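Given next are the chains, with one letter for each unit.
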Amino acid sequence: MASVTFKLNGKEVVADNSKTILQVARDNGVDIPTLCYDPRLPPYGSCLVCVVEVRNMGRTLMSCTTPVGEGMDIWTDSESALKARKSALEMLLSNHYADCRGPCYVKCPANVDIQGYLAFANAGLYKEALDLIRETNPMPLSCGRVCVRYCEANCRRQDVDSPGAINFMKRYVADLEYDRLGTPEIVPSNGKKVAIVGGGPSGLTCGYYLRQQGFEVTILDMQPKLGGMLRYGIPEYRLPQAVLDKEVAQLVSGGIQVRTGAKLGVDFTLDSLKAEGFDAIYLALGSWVAKGMGLENENHPHILPGIVFLEGVKRNGPPELKGNVAIVGGGNTAIDAARTALRCGADKVTVLYRRTRTEMPADDIEVEDAIEEGVEFAYLTAPNKVVTEGDKLLGLECYLMELGEPDASGRRKPEKVKGSEFLFKADWVVSAIGQDQDLSGLKNQTLGEIKTTKWNSIEADPETLLTSVEGVFAGGDAMSGPAAAIDAIAAGGRAAKVIEKWFQTGKVEKFQAGFLSKRAVLEVPTSDFFVGYQKAERPEMPKLDRHERAKNWEEVDLGVTVDQVKAETNRCLSCGCNSVFDCDLKVFSGNYDVQQEHFKGKLKKHKMDDRHPYIILDANKCILCGRCVRYCGELINVSALGFIDRGYDTVVKPSLNKALADTTCISCGNCIEVCPTGAITFKANLEKPGPYRTAPYRSACSFCGVGCELDINHSGRDYFFVTAKPIDPFTEGELCAKGRFGTYYVGSKDRLANPSLKGKGKVDMGAAASALVAGLKGLKGEEILFLASPRISSETAFLFASLAKQFGSRNIFAAEDFGRAALPAAVASTLKQEAVEQADLIVTVGENALKENPVFAFKVRRAISAGAKLIHVGPADLAWKRLATCHLPCAAGEETQVLSALSGAVLKAGLQDAESVAKASNAAALQGFTFAPASELVERAAAFFQAATKPAVIVNRDASSGSELQWSGDLALLTGAGLLVVRNEANGQGFQDIVYGGFTSSDDLAKAQAALAAGAIKAVVLLGVDPAGLSCAEALAKVPFSAAMDLFATEATERADVLVPLTPIAEEDGSIVSFDGRIIKFKRAFKPLSGFDNVSFLGESLQAAGGAKLDLAGVRSAIAQQAPAYASLCAETPNVYLSGAAPKAFALATLPTEAQALAYGSATTFGRRWAQNNRLKPAK
Amino acid sequence: MKKIVVGMGTCGVSAGAGKVLEAFKDLVAANSDKAELASTGCVGMCYREPLVEIWEGDRRTLYGDMTAEKAKEVFEGHVLGGTELAQYVALKDYSEGPEFSYLDRQVKVVLRNCGFMDPDSIEEYEARDGYKAIQKALKEMTPAEVIQSMLDSGLRGRGGGGFPVGQKWKFAAASVSDTKYLICNADEGDPGAFMDRSVLEGDPHSVIEGMMIAGYAIGAEHAYIYCRAEYPLAVRRLRESIEKLKAKGYLGHNIFGSSFSFEVKVKEGAGAFVCGEETALMASIEGKRGTPRPRPPYPAIKGLWGKPTNINNVETFANVPWIILNGADKYAAMGTEKSKGTKVFAIAGKAKRTGLVEVPMGLTIKNVVFDVCGGIKDDRQFKAVQMGGPSGGCIPASLADTIIDYEQITKTGAIMGSGGMVVMDDTTCMVEMARFFLTFTQLESCGKCTSCRIGTLRMLEILEEIVAGRGKEEHLTQLEELGQIIKGSSQCGLGQTAPNPVLTTMKYFRDEYEAHIREHRCPAHSCGALVKFVVNEVKCVGCTLCARQCPTKCISGEAKKPHLIDESKCIKCGKCFTVCNFSAISKV
């Protein structure tokens, strides 16, 4: 190792040459992308994404494997590096047969997260579904009725049976949940004013999103009411006014100014808007001019332009149309006009269309509905002349047509059949052959000339929607020509994003949608892809009776049922990836502008494997970075995953090709976290895989005493997954199965949610507290027993103990300890658990020393892999036996004798640590003490202490009797080893320090046990205790009064006079203490299910019992007062380790038969040898 | 008493030497007073195998292309009758005879014992100065002096890397550790290369002796020979030799009365090409998946089982005893400024004489192809040589004057490699040749690095399109792009060199690629999809032979009248072309 000087992006840097370029870059704040590098593992160098240019070597190098060298001239973002990265990503993507998003999302102009909202709807989370839709489409009530559904046209389900009925689902959730949206939050103004000309779907959307970002928005519209074409172009029976009114009202109620009846060019101009101080203008004028048929006399009063006809019906009510009505055209407007004409009393309505049904642009469903209602269709018929007799319209002279060669649009061109003229008799004609834009109001502005296209639409950049005039944007029909509502909505949304960014950055930039991997780019899924899906046809939309409805204006579509929604959302193939929000491959591919098809070739396709209860493996998405394989093998020491085959055929699979759950997999889920793509993902705890976007909430694990901090990622209680607290921006933490998947209990539907009283049922929190106090009042302290689980926060524990104290009771214990002969001595860890990874000699005591603490066991195993010797005392399973350098077997419970013998052997061989021994107040007691006789094996084990500079002794407090604990402490003191007292309960240490440290004692325990056995206990209060597992269960059941706080129903809660739901750690603000003395403060990740947390309930109970009123802060200062080591609880500091006293004395308990009890002091500093040799940095 | 020695290397055995040996066994058994029988390894002249030597005192005669019948003739005529059978003689006393020029320009250092002794006999090896070098090193030289002598000799790693051996040993020697390892890389994997196999089969002891010397020099007492399992004879010879050496006390504690102990184990490789890469090889010995890992740390610092390790290949080790015995100066006297000594090549392809040759560095390619190997078969036009196997490249005939020297060969885009040399004539399609080598590397990629795993397949897919006549103009740039990416970004030699055959052929024979793509024509008439077989009406005599032999019966015509090939049915198998006695069928 030596210090070298080199250049990083032109800046001189000095670093140690044992570091790689990547490490040095990160140290210097330069980020280099990588997919295969994990700082915890040796460099691997497979993905090739981390390449950098070393200019003076004339080449690119992998930064993750190359150490920095003297004089290197490193450029992390040079052209050659970027090109190499891009190529690497393109190669990976050429064999990445996976969709980031399904075709529905890709084809939806507004990019609605369809798969996501269908998944929510499937789970009955309709409000969540609605919110998700409204993130990119704020008009689901209207759109759910009128959308042209590009999504359904591209839905992959149609290759199984029929496309998903996506829009029906949208309408369902919108209809059901719209009223719960309420008024949008009035976002404070950001000082920027935007004028929106046109209050149709595009203008409303743009205005809504901009207002939500704080812009002052004014919508100007020429019509008396907002809604644009949705209001004046779509007939009532398709989109009722009331529905539209509701949606428009919601959109503008967040503080949008509205000026209706204001026409551009008449009531205001662009110049006048500018003069008013608008900073930006969005033109969403629509297409309001009906195109003419180009026939003579077509302005006959009985010939109505389509859009004028429809608008007239809305504005003035339906006209009376008697006789035959001919509708000319084949678009949606024509069909709307035809069905409207029926409802205006026409005797017969015929649609004249010059091509055939196949070429008709109108929606199939609309055409079907029209036919059902009695509209007739005359295909291959084109008007040639208006025929009148005097003022009276006789009809249209029409030609019959035939289809010729395809034209530019790809449709076959209709050509007149010579001599086929005939008179089509009509009393009324509606011409619905197209619409045009009225752009006259834009002319002659000093602001500048708004350029137009040859189709008389506003010319604007298709991505940014910027017109030829700065600050003026345009979208919707006026810019694109007549199109669908969803196109207009999409344009409005895009305009809002571009305008927002323009104000933020001063630049008009395309909104980056990000890279999307698409299967179809590599190979359109073929029939074999769809094998295995059960056929199930899409639902029919329930409708009004076909005969009745043509006579009224009632909405035709009645909406689907909840059962149909469940069945239909089940049909979604979930084409997209549920890692879409956090996939590194996706992010980098976007950053490097990657073309997925660039290296297209032979594909490897795999079957997704979802047989594991929590983990989904999808080898299609695997990039063979090997992080999962290496993490599982090298850091967890499990090797459940491995590489199979070689070269291009290489694939990561569970070992021996089994189902993952059938391998050595311990379901820790760390593979999910290290996977940089969607190849290994969480299986959602809902039926559909999502994707569900979540946000992380930091919490703590509520299982064992390791004290893992974790992130609960959720957007609501119904769906969440747990990740470890990241170590730094580049490194994940690690968890075991309990923390990662066990935490799902928080979302269980079986949780107790309401306080209740026996005989009275559900009550509120205050009533429950009063009932609890009433039940205890009048009893003597010794007649009340308080039992708790040490998986509660320190604050909860303190309040629980304070409540006991308030009633004069010292009978408060951890439920598991209540079965013990005496409370184990307060022997505490002297070592931080991380430090065990540097140990060179480890002594484990007892078969179950690490069983409940997998994350700590990972560290111990890593130390052993790195060369630490292991002495195991006690029974062991095969795997642990194999790890042990020296196994000192004995029956369970006899470990004390072995420990005594080992201590004796250490002394005999003179291997004790003199300095450490000297610190013990009773060091002299070692002289002449009779240890258990040592076998040769024990003597050989003792000899390991000779070379050990960093020994550690590990014992489990909850799995051992008190004397094993004491002997382990003695061995540590004798040898100067670090001591780790492992605990099975999340807050065992805190419970011990707080409750046992001030509220009770071993004497009290003995008395309480006797009292319970004698029937002298009159009341019991259980906190998270299921008596089913306790030896005293029967006696507890006989106690006259009982109160129980718990998460789930138990026999105790069934019986309880007072039942109170317990809040788990995930729903509390509080703290726990890990077994090595680290205080972990946390805030709630979810709101308490019951509406209140443990601290509020216990605080209220305490107050009701006459105690002080304590809130969280009050509890914390009270704890700190009682136990000064907990002072940091009160400060806004990061988590810290408890400070404590050094070990004081040897306990030197002889063999259990001739017990020689000596107090063993609390020991919370490092072992001496550790203190000397410890290479760990001090805790931050 | 005459001595009959049968060449029983793998080349001999596969040419039928087993039957020849059997035949001699019977004959000798019946005349045990007249002759004795022995076997030896490959002498290099694989093109004349099976080879048999008849020794009369110091005089020897080498017979080639032997069969059991010829063996009987030779035995009766020469052994019993005392008359040489001139028609079968390949060489006389290794200084005259029809094949003399094959040996004339060769200098045998590595192959000094191959074909000249019984490889199973320690005594014969010792009779040829065997185990004298190790004794000299142990008794007269310090480890540092041994290393200095390697440095002075200029010997470079013969596995392909060409790294100075003395330097490598120096690093390993400087590494401080309680245990060090020495590995002999005998995982010879290049298609068509068999230098190491021949040495291991023909002279295992010089490799083991070289390893002893290396072990002494760097302070390694534990050694592995990582030999591919496809070399069963070599593995057997090594194992048996090691057992004999142990029994004799040449291996084990305090060998040759010194304080130096040395043990050797043979580890069979399962046949993954990439396990020839040193880090993958070590992973394989450790029982792990054979994939390369990043260097540093280099094996000299952290190698096998995490201990300092030195790896050299078979040919390198075989040089070592010679250098110690004959002096570094003598070795350094051979060759060019930066490439000293000799190099063994396995000659394959269209040369007249294929087999194993050892030539001093500094000869030209032309010297090897024409002087040593006698030029091109059927006197066709010399087109190119492929050097370095799938990692190497093509050197066109126009560069045939290139000197064999690490730097000069590298300049052409090819590499010296481990010694594979494929000679090509005008019937070899260079695109097809590149495709062949890439198929090999693509299949042998371990799959770790993105570019090697995916990139080589993409290159191969393009080449397959081109030889199938579906080439596109952009394919050329794509090949170059991919080639550069793969070369620049793979972790080990396999990936870094995999594109070489493609890139060098594109450099020197771009016109052939273009002909395939633009004209749908294979200039060498080799690519099936692009070749058309036509009957020359003038030459065709209507013998009907081709029509009868055609597997798809697509040739029609009456007897004694010119025939016609129905192109729609032709599967381009070339049978008609081969069988026609009148050269009346041509490929266009």
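Please refer to the structure higher up on the page.
A brief look at the structure comes next.

Here we come to helix α27 (residues 854-865) of chain A. All names here are of chain A. Spanning twelve residues, α27 covers 16 Å between terminal C-alpha atoms, matching the ideal 16 Å at 1.5 Å per step. Counting buried positions over the twelve residues of α27 gives ten, a clear majority of the element. Of all the positions in α27, only P854, V855, F856, A857, F858, K859, V860, R862, A863 and I864 are classed as buried. Count one or two residues on from α27 and you reach G867, which has phi positive near 120 degrees.

Further remarks concern the sheet that holds strand β4 (residues 59-63) of chain B. Residues and elements named next belong to chain B. With respect to topology, five strands assemble into an open sheet ordered β2-β1-β3-β4-β5, the strand pairing being mixed. Each having just a single partner strand, β2 (35-40) and β5 (89-92) make up the two edges of the open sheet. Taking the axes of each pair of neighbouring strands and ignoring which way they run, one obtains an average angle of 20 degrees across the sheet. Relative to β4, strand β3 (residues 52-56) runs antiparallel, the two sharing five bridges. Within β4, the position partnered with V52 by the bridge is Y63.

All names here are of chain A. Most of strand β39 (residues 1041-1046) sits inside the fold, with six of its six residues counted as buried. What you see with β39 is no split at all: F1041, A1043 and M1045 on one side and S1042, A1044 and D1046 on the other are buried throughout. Sheet analysis places strand β38 (residues 1019-1023) next to β39, joined by five bridges and oriented parallel. Residue V1021 lies in a different strand from β39, and its bridge partner there is A1043. Alignment of β39 against strand β40 (residues 1058-1061), held across four bridges, turns out to be parallel. If you follow D1046 over to β40, its bridge partner there is P1061.

Before going further, it helps to spend a moment on the interface of chain A and chain B. Contact with chain A, which involves 31 residues of that partner, is made by 26 residues of chain B. Counting across the chain A and chain B interface gives zero salt bridges. Summed over the shared surface of chain A and chain B, the result is 17 residue pairs in polar contact (both at pLDDT 80 or more). Put simply, the parts of the chain that give the side of chain A that touches chain B at least two residues each are β4 (59-62), α2 (79-93) and β23 (641-644) of chain A. Here the side of chain A that touches chain B takes four residues from α2 of chain A, the largest share from any one element. Along the lines of polarity and charge, the residues of the side of chain A that touches chain B split into 15 nonpolar, eleven polar and five charged.

Here the focus is helix α6 (residues 132-140) of chain B. Residue and element names in this part refer to chain B. Those residues of α6 lying buried are A133, I134, A137 and L138. Down the axis of α6, the smallest arc covering the buried residues is 130 degrees, so these residues share one side. Of the exposed residues in α6, those oriented more than 90 degrees away from the buried face are K139 and E140. Buried positions along α6 lie against α7 (143-153), α10 (204-218) and α13 (314-326).

Residue and element names in this part refer to chain B. Strand order in the open sheet made by the four strands is β8-β7-β6-β9, with parallel pairing throughout. Edge positions in the sheet fall to β8 (263-269) and β9 (309-313), since each has one partner strand and no second. Sheet twist, expressed as the average angle between the axes of neighbouring strands with direction ignored, equals 20 degrees. Bridging between strand β6 (residues 181-186) and strand β7 (residues 222-228) involves six bridges; their strand directions are parallel. Within the sheet, the bridge partner assigned to I183 lies in β7 and is Y224. Strand contacts of α10: β6, β7, β8 and β9, with the helix running at about 150 degrees to β6, the strand carrying the most contacts.

The rules behind the values
- Residues numbered from 1 in each chain as written.
- Chains lettered and ligands numbered in written order.
- Predicted model: local features only at pLDDT ≥ 70, side-chain atom pairs only at ≥ 80, totals over all residues.
- Heavy atoms only, no water.
- Helix = DSSP H or I, 4+ residues; strand = E, 2+ residues; numbered from the N terminus.
- Expected span 1.5 Å × (residues − 1).
- Buried < 20%, exposed > 50% of the residue type's maximum accessible area, 1.4 Å probe, protein only.
- Pairing = 2+ DSSP bridges.
- Axes fitted to C-alpha atoms, helices over the stretch in contact; angles between N-to-C directions.
- Contact = heavy atoms within 4.5 Å.
- Salt bridge = Lys/Arg side-chain N within 4 Å of Asp/Glu carboxyl O.
- Polar contact = N/O pair within 3.5 Å; in protein donor to acceptor, adjacent residues only side chain to side chain.
- Nonpolar A, V, L, I, M, F, W, Y, C, P; charged D, E, K, R; others polar.
- Arc of directions from axis to C-beta.

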